[in-house]
Amino acid sequence: MHTRLETARFLAALAAMSTASAAWAQTSSWPPPTDAPVVTQHQLTLDGSPLKYTARAGFLTLRDESNTAHARIFYVYYQSANPKKSSRPLTFAWNGGPGSNASLLHLGALGPVRVKDLAEYSSGAPPPPYQLTDNESAWLDKTDLVFVDPVGTGYSYPVETRYGKEFWSPKGDIASITEFIRLFLSQYDYAQETPIFLVGESYGTIRAAGVSAALGDKGLNVAGVVLISAALQSTGARSDVEAISLVPSYTAAAFEQKRLPADLQQNLDAAVQQSQEWASTKYSVALLQGDRLAPAERASVVKDFARYTGLSEEYVRQQGLEIGMEEFAGQLLADKKQVVGHYDVRTTAASTSSEGEYDPTRDPSLDTHGTGAMIVPYLRSQLDITTDARYAGPFGGGWPPPTQHRGDWMSVKWDWSEGVSVDASAALARAMRANKGMRVLVISGLYDLATPFAATEYAFAHMGLDPATRARAELVRYKAGHMVYLDAATRKQLKRDFVSLVGKALTPAPQSTR
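Procedures and definitions
- Residues numbered from 1 in each chain as written.
- Predicted model: local features only at pLDDT ≥ 70, side-chain atom pairs only at ≥ 80, totals over all residues.
- Heavy atoms only, no water.
- Core = buried A, V, L, I, M, F, W, Y, C linked by side-chain atoms within 4.5 Å.
- Buried < 20%, exposed > 50% of the residue type's maximum accessible area, 1.4 Å probe, protein only.
- Contact = heavy atoms within 4.5 Å.
- Helix = DSSP H or I, 4+ residues; strand = E, 2+ residues; numbered from the N terminus.
- Pairing = 2+ DSSP bridges.
- Right-handed = clockwise from strand over helix to strand, strands pointing away.
- Phe/Tyr/Trp six-rings, centres within 6.5 Å; stacked < 30°, edge-to-face > 60°.
- Lys NZ or Arg CZ within 6 Å of the ring centre and 35° of its normal.
- Arc of directions from axis to C-beta.
- Axes fitted to C-alpha atoms, helices over the stretch in contact; angles between N-to-C directions.
- Parallel < 35°, antiparallel > 145°, perpendicular 65-115°, else oblique.
- Nonpolar A, V, L, I, M, F, W, Y, C, P; charged D, E, K, R; others polar.
- Left-handed = near helix turned anticlockwise from the far one by under 90°.
- Salt bridge = Lys/Arg side-chain N within 4 Å of Asp/Glu carboxyl O.

*Asks:* Help me out: how do you make sense of the nonpolar core in this one?
*Replies:* Within soluble globular proteins, side chains that are nonpolar generally end up buried alongside one another. One finds Phe 92, Phe 180, Ile 181, Phe 184, Leu 227 and Val 440 to be the most contacted residues of the largest nonpolar core, which totals 53 residues. Residues in contact with Ile 181, not counting those within four places in the same chain, are Phe 92, Trp 94, Leu 198, Val 211 and Leu 215. Counting residues in each nonpolar core, the second largest holds 52 residues, with Tyr 53, Phe 74, Leu 104 and Tyr 155 among its members.

*Asks:* Help me understand the pairing of strand β9 (residues 196-201) in this model?
*Replies:* One face of the sheet, then the other: side chains in a regular strand alternate in exactly this way. Summarising burial for β9: 6 of the 6 residues are buried, a large majority. Residue alternation in β9 divides its side chains into two sets, Ile 196, Leu 198 and Gly 200 and Phe 197, Val 199 and Glu 201, and both sets are buried. In terms of strand pairing, strand β4 (residues 90-94) meets β9 through 5 bridges, oriented parallel. Looking across to β9, one finds that Leu 90 is bridged to Ile 196. Pairing of β9 with strand β10 (residues 222-228), which is carried by 6 bridges, proceeds in the parallel orientation. Paired with Leu 198 across the bridge in β10 is Val 225. In this fold, the crossover linking β9 to β10 by way of helix α4 (residues 203-217) has right-handed handedness.

*Asks:* Quick question: what am I supposed to make of the packing of aromatic side chains here?
*Replies:* The description of two aromatic rings rests on the distance between their centres and on the angle between their planes. This structure, assessed with the given rule, holds 26 aromatic pairs. Taken together, the aromatic side chains of Tyr 75, Tyr 77, Phe 92, Phe 180, Phe 184, Tyr 188 and Tyr 190 make up a single cluster linked through ring pairs. Its guanidinium or amino end placed over the ring of Tyr 308, Arg 307 lies 5.5 Å from that ring's centre, counting from NZ or CZ.

*Asks:* Any chance you could explain helix α10 (residues 371-382) here in plain terms?
*Replies:* Structurally, the α-helix is built with 3.6 residues per turn, so residues lying three or four positions apart point the same way. Those residues of α10 that fall on the buried side of the exposure criterion are Thr 371, Met 374, Ile 375, Tyr 378 and Leu 379. One side of α10 holds all its buried residues, which, seen down the axis, span an arc of 140°. Two residues or fewer after α10 comes Asp 384, characterised by a positive phi angle close to 60°.

*Asks:* What exactly am I supposed to notice about helix α12 (residues 424-434) here?
*Replies:* Along α12, the residues classified as buried are Ala 424, Ser 425, Leu 428, Ala 429, Ala 431 and Met 432. The arc enclosing the buried residues of α12, seen along the axis, measures out at 165°, which places them on a common side.

*Asks:* What's the story with the packing of helix α5 (residues 240-256) against helix α7 (residues 295-309) in this structure? I'm lost.
*Replies:* Helix-helix packing is described using two parameters, namely the angle between the two axes and the distance between the axes. Interaxial distance between α5 and α7 falls to 7 Å at its minimum, and their mutual angle equals 50°. Taken together, the axes of α5 and α7 are oblique relative to one another. Facing Val 247, Tyr 250, Thr 251 and Ala 254 of α5, the residues of α7 in contact are Phe 305, Tyr 308 and Thr 309. Within the contact of α5 with α7, the residues separate by chemical class into 5 nonpolar, 2 polar and no charged.

*Asks:* Where do I start with the pairing of β4 in this structure?
*Replies:* Buried residues dominate β4, accounting for 5 of its 5 residues. Neither face of β4 is exposed, since Leu 90, Phe 92 and Trp 94 on one face and Thr 91 and Ala 93 on the opposite face are all buried. Bridge count for β4 against strand β7 (residues 144-148) is 4 bridges, and the pairing is parallel. Of the residues in β7, the one forming a bridge with Ala 93 is Phe 147.

*Asks:* Help me understand the packing of α4 against α12, please; the structure alone is not making it clear to me.
*Replies:* Between α4 and α12, whose axes approach to 8 Å, the crossing angle comes to 35°. Our pair here, α4 against α12, has a crossing hand that is left-handed. Between α4 and α12, the contacting residues are Ile 206, Ala 209, Gly 210, Ser 212, Ala 213 and Asp 217 on the first element and Ala 424, Ala 427, Leu 428, Arg 430 and Ala 431 on the second. In terms of residue class, the contact of α4 with α12 is made up of 7 nonpolar, 2 polar and 2 charged.

*Asks:* Got a minute to help me understand unusual backbone geometry in this structure?
*Replies:* Leaving glycine aside, a negative phi is the common case for residues, and trans is the common case for peptide bonds. The omega torsion of the bond from Gly 97 to Pro 98 falls at 0°, within 30 degrees of zero and hence cis. By the element assignment, Pro 98 lies in the loop between β4 and α2 (103-110). Phi at Ser 229 takes a positive value of approximately 55°, unusual for a residue other than glycine. Mapped onto the fold, Ser 229 is located in the loop between β10 and β11 (233-234). In this structure Ser 229 comes out as buried when scored by relative accessible area, which is 1%.

*Asks:* Help me understand the environment of Pro 127, please; the structure alone is not making it clear to me.
*Replies:* Tracing the chain through its elements places Pro 127 in the loop between β5 (113-115) and β6 (132-134). Linking Pro 127 and Asp 117, residues 10 residues apart in sequence, is a C-alpha distance of 10.0 Å. If sequence neighbours within four positions are ignored, Pro 127 has contacts with Leu 118 and Tyr 121.

*Asks:* Which parts of the structure should I look at to understand the pattern of salt bridges?
*Replies:* Opposite charge on two side chains allows them to pair when their charged atoms are near. Within the structure shown, the criterion is met by 20 salt bridges. Between Glu 136 and Arg 114 there is a salt bridge, with its nearest N and O atoms 3.0 Å apart. Of this pair, Glu 136 sits in the loop between β6 and β7 while Arg 114 is found in strand β5, placing the two residues 22 residues apart along the sequence. A relative accessible area of 30% means that Glu 136 is categorised as partly exposed. The class for Arg 114 is buried, based on a relative accessible area of 4%. The shortest N-O distance in the salt bridge between Arg 317 and Glu 313 comes to 3.7 Å.

*Asks:* Sorry, what's going on with the side chain of Ser 425 here?
*Replies:* Among the secondary structure elements, Ser 425 is positioned in helix α12. Ignoring sequence-local partners within four residues, the contact set of Ser 425 consists of Leu 232, Gln 233 and Met 463.

In structure tokens, the structure reads:
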């Protein structure tokens, strides 16, 4: 009788838990008791045809070898109504920071729903309030999509505070997302041969490079990697390579703000090409000379630097031959009392006489057109995720307020004790050598100072890849800023380039005739 009673209680508890897991989004229970997702049905019109799809929003729990939960990672998974086949791609996407949630790629670029472009609002009613609309460039007709919030971002969280440090470092971050993907493939019963694609933006490219290698080590080959506004190498300090890499981006900025000499102001691509050639030759040699550089040669370099950047010779002479991003952004339009955006030099804001420490929340180029404002309303109204929990992002805003400047910002919590120098290009190179079929698409914005395109091109040129392996990586420049997808034209270009990547990755390599 005791056994029957205990069995009945167990079954009742199991039924209650099942009911709770199916309805956790409609209750005040948070977080949900199980990893069962909330499932909703939707339809999207793409290229004039309806596309039905299922959205699943929920958590996967990361557990150690003793089955102790350490973190829960929130995700949104979109699956088209087409029958799941082993040949249909599955794409995992995340943003950067470190500390950014996935809302930018989710509602700004790849997902079935997006925020409206600024040009889509009537001139008499600029946002806010922001609005959502169907994404005409959604990727869902070509791949199933999983948007991932790393631990500490979005709704993802460490189960106990002490576990946070396990995830907030380059190594821990990569390991946790690798484990999440393993769990996801198991949870949804994906076949071993399913083509897996990874999409990362900014710091998320470091994560994507590391995860591609880590998955390969686990026998899960990645078919393709998309790196948007890549940040593959970081020393944590200024260097000659950084200075050289920034010059072509300065040229693009000066071109857009009409600060170049007349002969360079005719064609953007030509001006940038000349600038990059000068920076990688005459300028790089001058930097190597240091204080050994002869006065006449220094004067010549100062003159050329001013010519290619739109700055005055006097300012360049005073500052020396290396001018950092913040100095350039504040000086290019100083006569107009304006600063240019670090993430998109086409944007400007009024400057003050005492700017102080750079504050990204005031940077005009970090206007995301409402993705941050709309992600929670979208999750609540369309995906039935109704909770008052904070959807965490990179720039703080939590409660209680911090006791020191930026104390609640995710990036400040990041543990760099492993070293501030990060070189994800080595991991990517290892993955490309081991996986002979993996393709890489690298997209850089010409107007982005934060992750300059020349730095990314330098990184790939120094990865030590043989010609055949190097040919599987395509580097593309967009006439865009850091968030390359914030207008219709570049969103369409991004999808076209992804579709091309998928086609190449899934095309069998020709067999040798020998």
